[in-house]
Protein chains: 2
Amino acid sequence: MKKPSAPVETADRVAGNGLLHRRVFLKQGLGFGLVASTVALTGRSLYAADPAGLDRGGFARPPWMQQPGAEFSLYGSPSPHEDQVVRFASPNRVMRMNGASWTPLHKLEGTITPNGLHYERHHNGVPQIDPELHRLLIHGDVQRPLQFSVEDLLRYPMVSKICFIECGGNSNAGWNSQPSQAEAGYFHGLASNSEWTGIPMATLLGEAGVNPSGQWLIAEGADAFAMQISVPLEKAMADGMLALYQNGERLRPENGYPMRLVLPGWEGVTNVKWLHRVKITDQPVMARNETSKYTELLPSGKARMFTFTIEAKSLILSPSGGMVLKSGPGLYQITGLAWSGNGKIKKVEVSADDGKTWAEADLQAPVLDRAFTRFRIPWQWNGSPAVLMSRAIDETGYMQPSRRELLASRGRHGFYHYNAIVTWSVDSSGNVTHVYEKDEPEVMDDGEISIDAGWD
Amino acid sequence: MKKPSAPVETADRVAGNGLLHRRVFLKQGLGFGLVASTVALTGRSLYAADPAGLDRGGFARPPWMQQPGAEFSLYGSPSPHEDQVVRFASPNRVMRMNGASWTPLHKLEGTITPNGLHYERHHNGVPQIDPELHRLLIHGDVQRPLQFSVEDLLRYPMVSKICFIECGGNSNAGWNSQPSQAEAGYFHGLASNSEWTGIPMATLLGEAGVNPSGQWLIAEGADAFAMQISVPLEKAMADGMLALYQNGERLRPENGYPMRLVLPGWEGVTNVKWLHRVKITDQPVMARNETSKYTELLPSGKARMFTFTIEAKSLILSPSGGMVLKSGPGLYQITGLAWSGNGKIKKVEVSADDGKTWAEADLQAPVLDRAFTRFRIPWQWNGSPAVLMSRAIDETGYMQPSRRELLASRGRHGFYHYNAIVTWSVDSSGNVTHVYEKDEPEVMDDGEISIDAGWD
């Protein structure tokens, strides 16, 4: 394996154990290009003598250049060679329509989640809704209860927003006493990022005319679970969207076709899919998913509930658990995602020395409000064991907590909203595993969470 | 059909024939919500008495709430009810692997084109490339000819950019003497917009070491056509990207899997797909697609060639040709897309009175450099015939030309880079058709262009 030999200048070192300024990639490549000695440079122009490109001086013509390719397709699919880039489905063992599927974040790049890979969480399967028959009812504490067909709604004025949706239970294996060795996306991938387009809820609620007593919006999905959740009216009016399009096309069935609620920055369960009923009330409905679920006991004995907002989070996706630094010591790009339900990511800091020193990573532009933000930083791995971490700081000044800090405040009764720093250990062979911080706080262990058994 | 009855205030009128300020949608809805009189408001809470939501006071439970839905899928697909939202393929009648397929822009919303609907242009089909066997060669006027495997390249530092790619021949039916009645996407949809992620060409070319004599980059695709194009080295070094990912996932086969060149803002043909060879030279290769194609004769008798940059363009997508304003006179949202290969869109102006008066449309944030920009503006249609137009102005100050202006400068010998204002006529029944400006310039007619016969 070739090793990059260019020495790294001191001025390019931005933190301990090999974290570098991004300009190093402009000064030197990785050195993985093999010198193409078999390509005879004959002195004549390959192209002028051979406009069809038949003569390539020993550069063999691969089989797919020797016969016509496939015909046009009306709707494309990924290459069959990428058939391992899929969601990881974790259904309940008995009732297979209840569960979740994870976005393979560790196999993706950039910030947009392709629609085929957006995470799923269903309680009773994906309803096969006929849009001709679907209706949206707005009723309760309103002056005019209204009912809309899909066709009606498609004529309404729309807005678009690129934002993430994250399940409140994402990353919850982090509460366990032993670090999960699931691949990064299959651990933290109940989070995805799309361009949503739809009608401001304020437009529709304005048309119905909310009475002064109306303080909550009860959203109900048209699935067999009749998913219900209570949303403060203020949030729905501020930036709630009745989403009809996802990344340009109509919603996918598993993401709420023909329409869903999108509440930017709020936990996934509030972004009710297959929305067919909105009732305005003076109090929350106290549905199952806001009482027995999506609440949690704090060390103080008090319970957290209605914890809507996703707090800032980040994780390194490459390298990450289960990967191997195959090319040995040398230059790598560390990259991952950060997001916050409270606004834009202000910065992401990365450490390669177990949290002793930190350097600011480069953020992919544009950095958007409550959207996935890609961070990248060059790293010169010296071949010794290393411990990699990232931490997000959002525009409110909030910094993603260490695991110690999170456990101290929330205990191991925690189940939702796990957003502690994720720590990857690289051994001298380049194998990457998930580890916890060295100084685990001693907290009461309240039992383990299993990702594939607990759905109900 | 219900008609909105709220009067429009004078202060909300922003141009002639009903163009309105966007605040009107905050003041009044469209009035399409039917009063849901069948929903008995019984005075008891539907929810408190019935946490499972079984009792909905006459609001019937649709069939998909009465049985479990579908299981989890590893890679999702659109709803079968959206099976008409597809690309329009136009293959050569004899050689079906040569041709193009259009993005159905008129059926999409927002700015991102889903990968399954990105436009295609192939000369000899989509090669079925095995990424294990694919190699990228960089040779010619370089110090070190280099060869890369896909696996090598996936370790290189990457960057991302959301940008459009548009075929230089997009919209070319506009050169015809009679206005095409194809739907908007099947006329102007050889343009799509994705988040591309890959390696800066500057990184790879830097590693190979370009000699001072190297001024051009000859890119060759690994398809059976061995597609070749010449790109000035300066552009490749400035912002050329070897793209490996499209909207988060690896490239689709029809968009160049496993790798393509992306040259933001430059005509599609230069964004060579299935890239397998880059040769640095001191002059262009004068390949077929830069001599007999992608050049055009001007009225002066001189020829345009190497017309790389896409100039600013816009069109209204809703309403657009073939649509009907079904709900009759009333409030509508006019929406469409604008883009420019020279930077950001500064503004889009819309006219509803055949170009007599213009109003500035709202632009979806964030407005990105060389990316699709969605514009929207409310319109109160009074039921009389109306003529709708949009024109884009980019950050260089360039304004999209009228058809008259374009024909005057380019003649009807034109074939590429048609970016004139698109004009839609609405008749009193609400039927929308494509029309040309009233005062057609008299130019020599050089024959008609047929979208389904000319591919070669």
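Visitor: Lay out the sheet that holds strand β4 (residues 88-91) of chain B in plain terms, naming residues and giving numbers.
Guide: Residues and elements named next belong to chain B. Strand order in the open sheet formed by three strands is β4-β5-β6, with antiparallel pairing between adjacent strands. Both outer strands of the open sheet, β4 and β6 (120-122), are each paired with one neighbouring strand and no more. Between one strand axis and the next, the sheet turns by 5 degrees as a mean value, whatever way the strands run. Here four bridges tie β4 to strand β5 (residues 99-102), and the two strands are oriented antiparallel to one another. Paired with P91 across the two strands is G99, which belongs to β5.

Visitor: Summarise helix α4 (residues 201-208) of chain B; cite the residues concerned and give the values.
Guide: Of all eight residues making up α4 of chain B, six are buried, and the element is well covered by its neighbours. Turning to α4 of chain B, its buried residues are M201, T203, L204, L205, E207 and A208 of chain B.

Visitor: Mind laying out the side chain of E207 of chain B, listing which residues take part and the relevant values?
Guide: Summarising the element assignment, E207 of chain B is placed in helix α4. Using a relative accessible area of 9% as the deciding quantity, one classes E207 of chain B as buried. Within polar-contact distance, the side chain of E207 of chain B engages the side chain of Y156 of chain B at 2.8 Å. Contact partners of E207 of chain B, with chain neighbours within four places excluded, come to G29, L30, G31, F32 and G33 of chain A together with R144, L146, F148 and Y156 of chain B.

Visitor: Tell me about the relation of the copies chain B and chain A, and name the residues and values.
Guide: Rotating chain B by 180 degrees about the axis while translating it 0.0 Å along that axis superimposes it on chain A, leaving an RMSD of 0.0 Å. Expressed as a symmetry operation, the mapping of one chain copy onto the other fits a two-fold axis. Judged by C-alpha distance, P114 of chain B is the residue of chain B that lies nearest the rotation axis, at 3.6 Å. Comparing interface residues between copies, 100% of those in chain B also lie at the interface in chain A; the contact surface is shared.

Visitor: Can you tell me about the sheet that holds strand β21 (residues 345-351) of chain A, naming the residues and giving the values?
Guide: Residue and element names in this part refer to chain A. Reading across from one edge, β22-β21-β25-β26-β27 is the order of the five strands in this open sheet, with antiparallel pairing throughout. What marks the edges here is a single partner per strand, and that holds for β22 (359-360) and β27 (432-435). Pairing analysis gives four bridges linking strand β25 (residues 386-394) to strand β26 (residues 423-426), with the strands arranged antiparallel. When the bridges of β26 are listed, M389 appears paired with T423.

Visitor: Give me the pairing of strand β16 (residues 275-281) of chain A: which residues, what numbers.
Guide: Residues and elements named next belong to chain A. Of all the seven residues making up β16, seven are buried; the element is thus mostly covered by neighbouring parts of the structure. Both strand β7 (residues 135-140) and β16 contribute to a ladder of four bridges, which runs parallel. Following the sheet pairing, I138 is matched in β16 by V278. As judged from the six bridges shared by strand β11 (residues 216-221) and β16, these two strands associate in the antiparallel manner. Across the sheet, the residue bridging to A219 is V278, located in β16.

Definitions and cut-offs
- Residues numbered from 1 in each chain as written.
- Chains lettered and ligands numbered in written order.
- Predicted model: local features only at pLDDT ≥ 70, side-chain atom pairs only at ≥ 80, totals over all residues.
- Heavy atoms only, no water.
- Pairing = 2+ DSSP bridges.
- Helix = DSSP H or I, 4+ residues; strand = E, 2+ residues; numbered from the N terminus.
- Axes fitted to C-alpha atoms, helices over the stretch in contact; angles between N-to-C directions.
- Buried < 20%, exposed > 50% of the residue type's maximum accessible area, 1.4 Å probe, protein only.
- Polar contact = N/O pair within 3.5 Å; in protein donor to acceptor, adjacent residues only side chain to side chain.
- Contact = heavy atoms within 4.5 Å.
- Least-squares fit on C-alpha atoms with pLDDT ≥ 70 in both.

Honestly, that's just the spatial picture; any functional story needs more than this.
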